[in-house]
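Here is how the chains run, residue by residue.
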Amino acid sequence: MEPILFVISLVLGGSVIASSVKIVNQGNEALVERLGSYNKKLEPGLNFVAPFFDRVVFRETVREKVLDIPPQQCITRDNVKITVDAVVYWRIVDMEKAYYKVEDLHAAMVNLVMTQIRAEMGKLELDETFTARSEVNELLLRDLDIATDPWGVKVTRVELRDILPSHEVQQSMELQMSAERRKRAAILTSEGEREAAINSARGKAEAQVLEAEARQKAVILEAEAQQKALILKAQAERQQQVLKAQAISESAEMIAQKIKADPTAHKALEVLFALGYLDMGATIGKSDSSKVMFMDPRTIPATLEGIRSIVSDAPTDSNPISNTQESTVNNNRLS
């Protein structure tokens, strides 16, 4: 009998000890009631409670959770029906409030978020719901955080996922967008044509100005070139005349010296004068302003004889060298 009682007492003692030990995982918390009233909160790890008197009534995680809000119908300020769904990130910061302040925390959170979304969508027009999404997210986050604070809940983030208008509204929006695109395309085309016309006219004007400037510069350069050519030509002619005069002077001086040195040299001079006379006729014939000259070949010996007689009388003068130079200069002037 005693062994049976020992076994029974051992079993009862083991069950009592087992019921008094509570293990809470990391990231979770648990609430304990004693005889129907709140007693304490169990932290992660090994905890002990009074058997038969303490009972774990609520166990939940304090990590951040995601609340998926189903799509719901909303009406905007301009009376357009849209379908909106969202996602909410939240976590429990006070386990006691989350259990004792609200009966069903999850249902309360869903209904509160849906109500806030309908309220915010009703303040906006249809076009604003697409452009002001970030502002709506911030407003929802602020309002939900304030509303859930008595429940011991912290809302960390709210995101609107889809905002879908009705099928008829979508068709109207597509037509409006198509018309707007055609309008913008027409405006851009006209602006492009205007810019092209302006650029073309500006280019033609600049081309005409550049062409006129180029012609002006060409005329100026041509005039300067002609002026320089005339100057160079005059200088060349002057230099040529100077050199020719110097050559005539030097040749006359040489002839005079030869005549002084050799009395018979005047015969060679007669031949030179005769050849100069013939060269003068050839030069006159080549001139553009000269007339046609006819010369009888039979008169050439007589002409040469006359020139020789004139030259043969030259040594009898008082200054044969100066007479010879004068005759040479006269012949050169005729040429």
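Structure: above.
A short tour of the structure in this document, coming up. For clarity, every value in this text was computed on a predicted model and none was experimentally measured. (Residues numbered from 1 in each chain as written. Predicted model: local features only at pLDDT ≥ 70, side-chain atom pairs only at ≥ 80, totals over all residues. Heavy atoms only, no water.)

### Looking at the sheet that holds strand β6 (residues 65-75)
Okay, so step 1: With respect to topology, 3 strands assemble into an open sheet ordered β6-β7-β8, the strand pairing being antiparallel. Edge strands, defined here as strands with exactly one partner in the open sheet, are β6 and β8 (153-165). Here the strands of the sheet are splayed against their neighbours by 20 degrees on average, with no regard to which way each runs.
Okay, so step 2: With 11 bridges joining them, strand β7 (residues 81-92) and β8 adopt antiparallel strand pairing. Counterpart to T83 in the pairing with β8 is L164.
Okay, so step 3: Sitting on the sheet, helix α3 (residues 105-121) is in contact with β6, β7 and β8, with an inclination near 40 degrees to β6. (Pairing = 2+ DSSP bridges. Helix = DSSP H or I, 4+ residues; strand = E, 2+ residues; numbered from the N terminus. Axes fitted to C-alpha atoms, helices over the stretch in contact; angles between N-to-C directions. Contact = heavy atoms within 4.5 Å.)

### Overview of unusual backbone geometry
Trans peptide bonds make up the majority, and among non-glycine residues the majority have a negative phi.
Okay, so step 1: Not every positive phi belongs to a glycine, and L35 is a case in point at roughly 55 degrees.
Okay, so step 2: Even without glycine at this site, N79 takes up a positive phi of about 60 degrees.
Okay, so step 3: One can find N79 in the loop between β6 and β7.

### Here we look at the packing of α3 against helix α5 (residues 133-147)
Okay, so step 1: Two numbers describe how α3 lies on α5: the axes approach to 10 Å, and their chain directions differ by 140 degrees. Considering their axes alone, α3 and α5 lie oblique with respect to each other. Handedness of the α3/α5 crossing: right-handed. Across the interface between the two elements, L112, V113, Q116, I117, E120 and M121 from α3 touch V136, L139, L140, D143, L144 and A147 from α5.
Okay, so step 2: For the contact of α3 with α5, the residue count by class is 9 nonpolar, 1 polar and 2 charged. (Parallel < 35°, antiparallel > 145°, perpendicular 65-115°, else oblique. Left-handed = near helix turned anticlockwise from the far one by under 90°. Nonpolar A, V, L, I, M, F, W, Y, C, P; charged D, E, K, R; others polar.)

### Remarks on the pattern of salt bridges
Okay, so step 1: Following the criterion strictly, the structure yields 14 salt bridges and no others.
Okay, so step 2: D54 serves as the salt-bridge partner of R34, at 2.5 Å between the closest nitrogen and oxygen. Of the two residues, R34 is situated in strand β2 (residues 28-34) and D54 in strand β5 (residues 54-61); the sequence distance between them amounts to 20 residues.
Okay, so step 3: Residue R184 pairs with E180 through a salt bridge whose shortest N-O separation is 3.5 Å. On the criterion of helical spacing, the pair formed by R184 and E180 is a turn pair, its members being 4 residues apart in helix α6 (residues 167-261). (Salt bridge = Lys/Arg side-chain N within 4 Å of Asp/Glu carboxyl O.)

### As for the pairing of β7
Regular strands have side chains that alternate between both faces of the sheet.
Okay, so step 1: Bridging between β6 and β7 involves 9 bridges; their strand directions are antiparallel. In the strand pairing of β7, Q72 is matched with V84.

### A look at the sheet that holds β2
Okay, so step 1: Reading across from one edge, β3-β2-β5 is the order of the 3 strands in this open sheet, with antiparallel pairing throughout. Single-partner strands in this sheet number two, and they are β3 (37-42) and β5. The mean inter-strand angle of the sheet, taken between neighbouring strand axes irrespective of direction, is 25 degrees.
Okay, so step 2: The sheet contact formed by β2 and β3 spans 5 bridges and is antiparallel. Residue A30 lies in a different strand from β3, and its bridge partner there is L42.

### Some words on the environment of M109
Okay, so step 1: With respect to the secondary-structure elements, M109 resides in helix α3.
Okay, so step 2: Classification of M109 as buried rests on a relative accessible area of 1%.
Okay, so step 3: Among residues more than four places away in sequence, those in contact with M109 are L67, W90, T148, W151, V153 and V155. (Buried < 20%, exposed > 50% of the residue type's maximum accessible area, 1.4 Å probe, protein only.)

### Concerning a nonpolar patch on the surface
Okay, so step 1: On the surface, a cluster of nonpolar side chains totalling about 340 Å² of accessible area is made up of I23, L46 and F48.
Okay, so step 2: Topologically, I23 is positioned in strand β1 (residues 21-24).
Okay, so step 3: Assessed through its relative accessible area of 58%, I23 is described here as exposed. (Patch = residues over 30% accessible without salt bridge, like charges linked within 9 Å, V, L, I, M, F, W, Y side chains within 5 Å. Areas by Shrake-Rupley, 256 points an atom, 1.4 Å probe, with all protein chains shown as cover.)

### Re the side chain of Q116
Okay, so step 1: Looking at where Q116 falls in the secondary structure, it is placed in helix α3.
Okay, so step 2: Apart from residues no more than four positions distant in its own chain, Q116 is found in contact with L140, D143 and L144.

### A few points about the packing of aromatic side chains
Okay, so step 1: Under the defined criterion, the tally for this structure stands at 3 aromatic pairs.
Okay, so step 2: Taken together, a centroid distance of 5.9 Å and an interplanar angle of 75 degrees make the contact between Y38 and Y100 edge-to-face. Of this pair, Y38 sits in strand β3 while Y100 sits in helix α2 (residues 95-100), placing them 62 residues apart in sequence.
Okay, so step 3: Among the aromatic residues, those joined into a cluster by ring pairs are Y38, F58, Y99 and Y100. (Phe/Tyr/Trp six-rings, centres within 6.5 Å; stacked < 30°, edge-to-face > 60°.)

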